[in-house]
Number of protein chains: 2
Amino acid sequence: MADTADLSGTSLVALDWGTSALRAFRMDTRGHVLETRHRPWGIMNLPPAINGTADPEPGAAFERALQDTCGDWLAATPGLPLLACGMVGSAQGWREAKYLPTPTSLDALARGLTLVERRDGPPLHIVPGLLQQGALPNVMRGEETQVLGVLAGLALPADAPVLIGLPGTHSKWVLARRGRIEQFHTFMTGEVFAALRGHTILGKTMQAAAAPDDDAFARGLEVARGSDAALGLLSHIFSTRTLGLTGALAPTAQADYLSGLLIGYEVASLSRVQGQTPTTPPTLVLCGEPDLCRRYAIALQTYGFAAPTIATQATAIGLWQIALAAGLVVAPAPSSSHPFTAGSLAA
Amino acid sequence: MADTADLSGTSLVALDWGTSALRAFRMDTRGHVLETRHRPWGIMNLPPAINGTADPEPGAAFERALQDTCGDWLAATPGLPLLACGMVGSAQGWREAKYLPTPTSLDALARGLTLVERRDGPPLHIVPGLLQQGALPNVMRGEETQVLGVLAGLALPADAPVLIGLPGTHSKWVLARRGRIEQFHTFMTGEVFAALRGHTILGKTMQAAAAPDDDAFARGLEVARGSDAALGLLSHIFSTRTLGLTGALAPTAQADYLSGLLIGYEVASLSRVQGQTPTTPPTLVLCGEPDLCRRYAIALQTYGFAAPTIATQATAIGLWQIALAAGLVVAPAPSSSHPFTAGSLAA
């Protein structure tokens, strides 16, 4: 469908391209987002060919998703740079982008872009993922860009540590300092919650609630940190059912109770790991879906952390930072105000 | 289908009736199992009415399952007592059987049978479940009968503590003494494993192995007890994927690695809980599916427990014990050998 809006002044098309969705940002010469589009074309859900025939080349379905999402933007401004982050750079994506080792800087990420040539337009650049080597390796794709976006919005002394939480399907906790990503952890909290609710006996007695049940959530948090903690997660989750059987937990409260249990275990682990490095408590920032950030903020404070700052628009800002560092766009004149110091962080 | 075997000498039909299957035992006057039948008629999978019409009464589908499984046994010996344990006594079962509070004895279980009248034959008796009250209540249905079966096969001083592990969808660990069930814990290990393998990203890269990969299993156990334990289960399970991504864990090894991680966490919890009560180490018995018992035996020894004994036929033996205590069957003459001292326990 043609967009009749004025498309002049666009300097970058930035893509947040994950497993289940594609978000496209049209950005002006100062990095402001002029327009955002959201499509269900995640890399595992690409649009089929219209006539149902097999694609002539592996990238055709990705190109189709791109055209459907922002073909008009690209047509209106020939040569517009295109930058993407996320699972589009995985082995199942459009092109596998390398993993950079941690610690990593903005400049290293900008130097490590993977180029995908396109038949009818400028190439797509894909941001690398991060690989943390160790006995138990750790990986991320997409979150590195969010972290850069969060860091760009903070006004902190250069060497102040920042702990950035990115709750979601797989929660990431990233320790950054001097603009570098130093270390990170992954917790499968969101995906485990969905699997327990959708595919175990715990979901059978749950009923949808009209609103989040913060009391049930807090009760789950308390169990996770309580004196019974020695029994562990595999035992504690069963109490979602037994408290229901004994009439002590309403069906509408059970999902939030289980959410509190799991997020409580995640934050308890984080608290232990943080306690092992006796340094200045880092500045704490959360970035993610609002209700999830709200839950994590409650959990963090229950465990004695300071109230976190909530960051917004981090992915678009991070993509702009990388585009700048890679020379895909030109920095605005120094006299103009920085577009991210206002509005990108909300208390 | 009519069974042409000699059905004389039957004194009890005992049923192990769970969520997904029904096992029926035809037992002689001394409690020996003469015949076992296995049907998929778990309480969530009862046989439909033949003509597809609605059932005239709630119990009709249960009666149909019973007739299909052992109608010929019941017809051959009018008045034959019928005893069942398991989820058939749950709110979703044929009739809800009460929960008895722990600690509980064999006699209390036998006195607490729930009676279901049947139109064309003797009533069905259902064994109560157990409820352990507390801040986090705990329940079992069916395992109490297995535990009684295990205890009947042990030759121990009356006050020697016995710790009985019943691995499965929901692992139960039961502390018994003087024939009484004193305390128990539940771990959702089996169901969590199935949900993670079937419904999260961890299963996507797994490939079936020709045989159990004990090295991968042991590696998972080591991670669960290793120095990284502070990060916890929600983080550690992600290593199933990252070790695969970095080429350090073959696709065919990933399921056994995850199994080792989860069982390791369960046994670690058990070890902590046991360590909190400084008494004589209990005699350790496992009862369940053979490969699962083998895995748990490895895990227990990794955590410093003694080698467990493996019990077999515990459910049938337990049902016989309850039938005896309830007077549904008459005890064999004292001169005859006890049917459970041989063959019921294997090292």
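Residues numbered from 1 in each chain as written. Chains lettered and ligands numbered in written order. Predicted model: local features only at pLDDT ≥ 70, side-chain atom pairs only at ≥ 80, totals over all residues. Heavy atoms only, no water.

1. Considering the domain arrangement of chain A
In plain terms, the rule: All domain edges in this entry derive from an automatic or database-based domain assignment.
Segmentation of chain A into domains returns domain 1 (10-141) and domain 2 (189-310). If you average the C-alpha positions of domain 1 of chain A and of domain 2 of chain A, the two centres end up 33 Å apart.

2. Here's the deal with the sheet that holds strand β7 (residues 114-118) of chain B
Residues and elements named next belong to chain B. Heads up, the rule is: Pairing between strands is defined by DSSP: at least two bridges between them are needed. Each helix is a run of H or I in the DSSP string that is no shorter than four residues. Each strand is a run of E no shorter than two, and both are numbered from the N terminus. Comment: axis = line fitted to C-alpha atoms, over the contacting stretch for helices; angle = value between 0 and 180 degrees taken between N-to-C directions. In what follows, residue pairs with any heavy atoms lying within 4.5 Å of each other are defined as contacts.
Taken in spatial order, the 6 strands of this open sheet run β3-β2-β1-β4-β8-β7, and their pairing is mixed. The strands lining the two open edges of the sheet, one partner per strand, are β3 (33-39) and β7. Between one strand axis and the next, the sheet turns through 20° on average, direction left out of account. By the bridge criterion, 7 bridges tie strand β1 (residues 10-17) to strand β2 (residues 22-28) in an arrangement that is antiparallel. The partner of Trp 17 across the bridge, within β2, is Leu 22. Across the sheet, helix α10 (residues 314-325) touches β1, β2, β3 and β4 (82-85), and the angle it forms with β1 is around 125°.

3. As for the pattern of salt bridges
All names here are of chain B. We apply this condition: Any Lys or Arg side-chain nitrogen found within 4 Å of a carboxyl oxygen on Asp or Glu counts as a salt bridge. Exposure is judged per residue with a 1.4 Å probe applied to protein chains only, and the accessible area is read against the type maximum: over 50% gives exposed, under 20% gives buried, and values in between give partly exposed.
As enumerated under the stated definition, the model contains 28 salt bridges over all chains in all. Note that Asp 55 is salt-bridged to Arg 64, the shortest N-O span being 2.7 Å. Arg 64 gets classed as partly exposed once you look at its relative accessible area, which sits at 22%.

4. Describing the relation of the copies chain B and chain A
Using the following cut-off: Here the copies were fitted onto each other by least squares, based on C-alpha atoms from residues at pLDDT of at least 70 in both.
Relative to chain A, chain B is turned by 180° and slid 0.0 Å along the rotation axis, the superposed coordinates differing by an RMSD of 0.0 Å. Here the two chains are linked by the operation of a two-fold rotation axis. Distance from the rotation axis, computed per C-alpha, reaches its smallest value in chain B at Ala 195 of chain B: 2.9 Å. Of the interface residues in chain B, 100% have counterparts in chain A that sit at the interface too, so the contact is made through matching surfaces.

5. Some details on the pairing of strand β7 (residues 114-118) of chain A
All names here are of chain A. Of the two faces of β7, the one holding Thr 114, Val 116 and Arg 118 is buried and the one holding Leu 115 and Glu 117 is not buried anywhere. The sheet contact formed by β7 and strand β8 (residues 121-126) spans 4 bridges and is antiparallel. What sits directly across from Arg 118, in β8, is Gly 121. Hairpin remark: β7 followed by β8, antiparallel, with 2 residues in the connecting loop.

6. Structural notes on the nonpolar core
Applied cut-off: Grouping buried Ala, Val, Leu, Ile, Met, Phe, Trp, Tyr and Cys residues that are joined through side-chain atoms within 4.5 Å yields what is termed a nonpolar core.
Within the largest apolar cluster, 92 residues are counted, with the highest numbers of intra-cluster contacts made by Ile 237 of chain A together with Ile 237 of chain B. Here Ile 237 of chain B is in contact with Met 188 and Val 192 of chain A together with Leu 196, Leu 202, Leu 258, Leu 261 and Leu 262 of chain B, once residues within four sequence places are set aside. Ala 14, Leu 151, Leu 154 and Ile 322 of chain A belong to the second-largest nonpolar core, a separate cluster that totals 36 residues.

7. Observations regarding the sheet that holds strand β9 (residues 129-132) of chain A
Note on sheets: strands pair through backbone hydrogen bonds, and any given pair is parallel or antiparallel. Residue and element names in this part refer to chain A. One open sheet accounts for 3 strands, arranged β5-β9-β10; its pairing is mixed. Strands at the two margins of the open sheet, each flanked by one partner only, are β5 (99-101) and β10 (138-140). The mean angle between the axes of side-by-side strands here comes to 25°, regardless of whether they run parallel or antiparallel. The pairing of β9 with β10 spans 3 bridges and is antiparallel. From the neighbouring strand, Leu 130 faces β10, where its bridge partner is Met 140.

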